[in-house]
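What the coordinates show
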Amino acid sequence: MTAVTWPGEVVARDQAVAEKVWEALGTVQDPELDEPITDLKFVTTVEIDRGDDGPEVAVRLRLPTYFCAPNFAYLMVADAYDAVAALPEVSRTSVRLDDHFASDEINSGVAARAGFVGSFPTEAIGELEELRQTFQRKAYLASLDRMTKRLAADGVEFDAYTSLRIGDLPAGLETDSLMRRRSDVGLPLTEMSLVMVEHDGEAMSAERLPKRLRFAKSVRVSIEGNGIFCRGLLETRYGDEKTPGTRSGIGDLESADLGMPTLRSKS
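Described in the following lines is the structure provided in the data block.

Conventions adopted
- Residues numbered from 1 in each chain as written.
- Predicted model: local features only at pLDDT ≥ 70, side-chain atom pairs only at ≥ 80, totals over all residues.
- Heavy atoms only, no water.
- Patch = residues over 30% accessible without salt bridge, like charges linked within 9 Å, V, L, I, M, F, W, Y side chains within 5 Å.
- Areas by Shrake-Rupley, 256 points an atom, 1.4 Å probe, with all protein chains shown as cover.
- Salt bridge = Lys/Arg side-chain N within 4 Å of Asp/Glu carboxyl O.
- Helix = DSSP H or I, 4+ residues; strand = E, 2+ residues; numbered from the N terminus.
- Buried < 20%, exposed > 50% of the residue type's maximum accessible area, 1.4 Å probe, protein only.
- Pairing = 2+ DSSP bridges.
- Phe/Tyr/Trp six-rings, centres within 6.5 Å; stacked < 30°, edge-to-face > 60°.
- Lys NZ or Arg CZ within 6 Å of the ring centre and 35° of its normal.
- Core = buried A, V, L, I, M, F, W, Y, C linked by side-chain atoms within 4.5 Å.
- Contact = heavy atoms within 4.5 Å.
- Axes fitted to C-alpha atoms, helices over the stretch in contact; angles between N-to-C directions.
- Parallel < 35°, antiparallel > 145°, perpendicular 65-115°, else oblique.
- Nonpolar A, V, L, I, M, F, W, Y, C, P; charged D, E, K, R; others polar.
- Right-handed = clockwise from strand over helix to strand, strands pointing away.

Examining a nonpolar patch on the surface
The grouping of Tyr 66, Phe 67 and Phe 101 at the surface amounts to a nonpolar patch, some 340 Å² of accessible area in total. With respect to the element layout, Phe 101 can be found in the loop between strand 5 (92-97) and helix 3 (103-111).

Put into structure tokens, the structure is as follows:
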């Protein structure tokens with residue numbers, strides 16, 4: 001979390017809540033890009049009021065284009081709501097998506113806890129768990145490719161890959177990332193668990209491994225390429241603190257770019 005200038009009257013408790021809210025939002029991933037919505041600057045503002053029953057949190061989100069897929073958008077708004085609402089310190093949660101063609105349906109559906117089908121009753125044919133799992137499996141493969149790059153850099157022979165166990169992996173970002181994505185797809189995390197396995201736990205044989213790792217690389221390149229593309233679209237649409245975009249965003253440019261918690265007392 002980057003530095004925030006807190007109003008002088010804000011007590012330490014409010015700052016602690018704001019930090020917890022920001023951390024909670026940081027657990028919400030863009031399902032296609034496999035990156036936190038906070039890192040992607042999809043969080044426009046976070047406002048925390050001092051309600052009668054405790055802190056009330058209002059989050060506003062934005063996306064790179066007006067026509068971003070509504071199923072992806074719904075997942076991010078719903079996941080952001082769930083992440084913030086789960087904080088015991090927060091008494092009330094509101095999450096709104098702005099500047100999207102389906103904002104009304106998504107915002108009202110999430111607020112009512114109606115699910116994707118309830119939010120789009122005439123269009124949706126089912127909930128989104130299968131879609132979520134598809135992208136979790138892609139994220140797992142991408143993390144496996146990053147892990148093999150680290151192993152190669154550390155001098156681990158390719159012939160040893162199929163026998164590698166989690167306990168053999170080096171400490172660092174690549175291993176941490178792989179562990180989180182293994183957890184997402186339900187793979188074991190014990191030290192004796194094989195590393196080179198499919199998302200369903202089936203071991204990758206020596207014969208299949210080169211082909212599977214080539215595919216994992218292509219998945220990683222696609223995800224990272226989409227991330228670069230979406231960042232460019234977001235900057236073109238909203239600009240930054242120096243250059244306005246094609247749309248002004250929420251509030252002034254400074255608040256639209258920061259996406260940091262804004263604390264204020266309820267009057």
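This is not the end of the story, as more comes after the structure.
Re the environment of Gln 133
By the secondary structure assignment, Gln 133 is in helix 5 (residues 129-153). Between the C-alpha atom of Gln 133 and that of Pro 31, which follows or precedes it by 102 residues, the distance is 9.3 Å.

What about the pairing of strand 3 (residues 43-51)?
In terms of residue burial, strand 3 counts as a mostly covered element, since seven of its nine residues are buried. For strand 3 and strand 4 (residues 54-61), the ladder comprises eight bridges, and the chain directions are antiparallel. Among the inter-strand pairings, Arg 50 is bridged to a residue of strand 4, identified as Pro 55. Hairpin connection of strand 3 to strand 4: two residues between the antiparallel strands.

Side note on the packing of aromatic side chains
Enumeration over the complete set of coordinates arrives at seven aromatic pairs. Judged by centre distance (5.2 Å) and plane angle (85°), the rings of Phe 72 and Phe 135 are edge-to-face. Taken together, the residues Phe 72 in helix 2 (residues 70-85) and Phe 135 in helix 5 connect sequence positions 63 residues apart. Seen from their ring centres, Phe 158 and Tyr 161 are 5.0 Å apart, and the 50° between their planes marks the pair as tilted. When its relative accessible area of 4% is taken as the criterion, Tyr 161 is described as buried. Taken together, Tyr 66, Phe 67 and Phe 101 form an aromatic cluster joined through their ring pairs. Directly above the aromatic system of Tyr 238 lies the positively charged group of Arg 62, at a separation of 4.7 Å from the ring centroid.

Description of the nonpolar core
Within the largest apolar cluster, 45 residues are counted, with the highest numbers of intra-cluster contacts made by Val 21, Leu 25, Ile 37, Val 46, Val 59, Leu 61 and Ile 106. Here this core gets eleven residues from one element, more than from any other, and that element is helix 2. Beyond its immediate stretch of four places on either side in the chain, Leu 25 contacts Ile 37, Thr 38, Val 43, Val 46, Val 59, Ala 80 and Val 84. Of all hydrophobic cores here, the second largest spans 18 residues; its members include Met 196, Val 197, Met 204 and Leu 209.

A few points about the environment of Gly 118
Relative to the helices and strands, Gly 118 resides in helix 4 (residues 115-119). A relative accessible area of 42% means that Gly 118 is categorised as partly exposed. Spatially, the C-alpha atoms of Gly 118 and Ser 108 are 9.9 Å apart, while their sequence positions differ by ten residues.

A short note on the packing of helix 5 against helix 7 (residues 209-238)
Direction vectors running N to C along helix 5 and helix 7 enclose 110°, while the axes themselves pass 8 Å from each other. Judged by the inter-axis angle, helix 5 sits roughly perpendicular to helix 7. On the side of helix 5, the interface is formed by Lys 138, Ala 139, Leu 141, Ala 142, Leu 144, Asp 145, Arg 146, Thr 148 and Lys 149, while helix 7 contributes Arg 212, Leu 213, Phe 215, Ala 216, Lys 217, Val 219, Arg 220, Ile 223 and Glu 224. For the contact of helix 5 with helix 7, the per-class residue count stands at nine nonpolar, one polar and eight charged.

Regarding the pairing of strand 5
Only one face of strand 5 is buried, namely the one carrying Thr 93, Val 95 and Leu 97, since none of Arg 92, Ser 94 and Arg 96 on the opposite face is buried. For strand 4 and strand 5, the ladder comprises six bridges, and the chain directions are parallel. Pairing of Val 57 across the sheet is with Thr 93, part of strand 5. For the crossover that starts at strand 4, traverses helix 2 and ends in the parallel strand 5, the hand is right-handed.

As for the pattern of salt bridges
Summed over the entire model, instances satisfying the criterion amount to 17 salt bridges. Note that Glu 129 and Arg 132 form a salt bridge whose closest N and O atoms lie 3.6 Å from each other. Here Glu 129 and its partner Arg 132 are both found in helix 5, three residues apart, which amounts to about one turn of the helix. Where Glu 198 meets Arg 212, a salt bridge forms, and the shortest distance between an N and an O atom there is 2.8 Å. Taken together, the residues span a long stretch of sequence, with Glu 198 in the loop between helix 6 (173-185) and helix 7 and Arg 212 in helix 7 at a distance of 14 residues. On the basis of relative accessibility, which here comes to 22%, the residue Arg 212 falls in the partly exposed class. Via salt bridges that share partners, Asp 34, Arg 180, Arg 181 and Asp 184 belong to a single interconnected network.

Any functional reading would require information that these geometric values do not contain.
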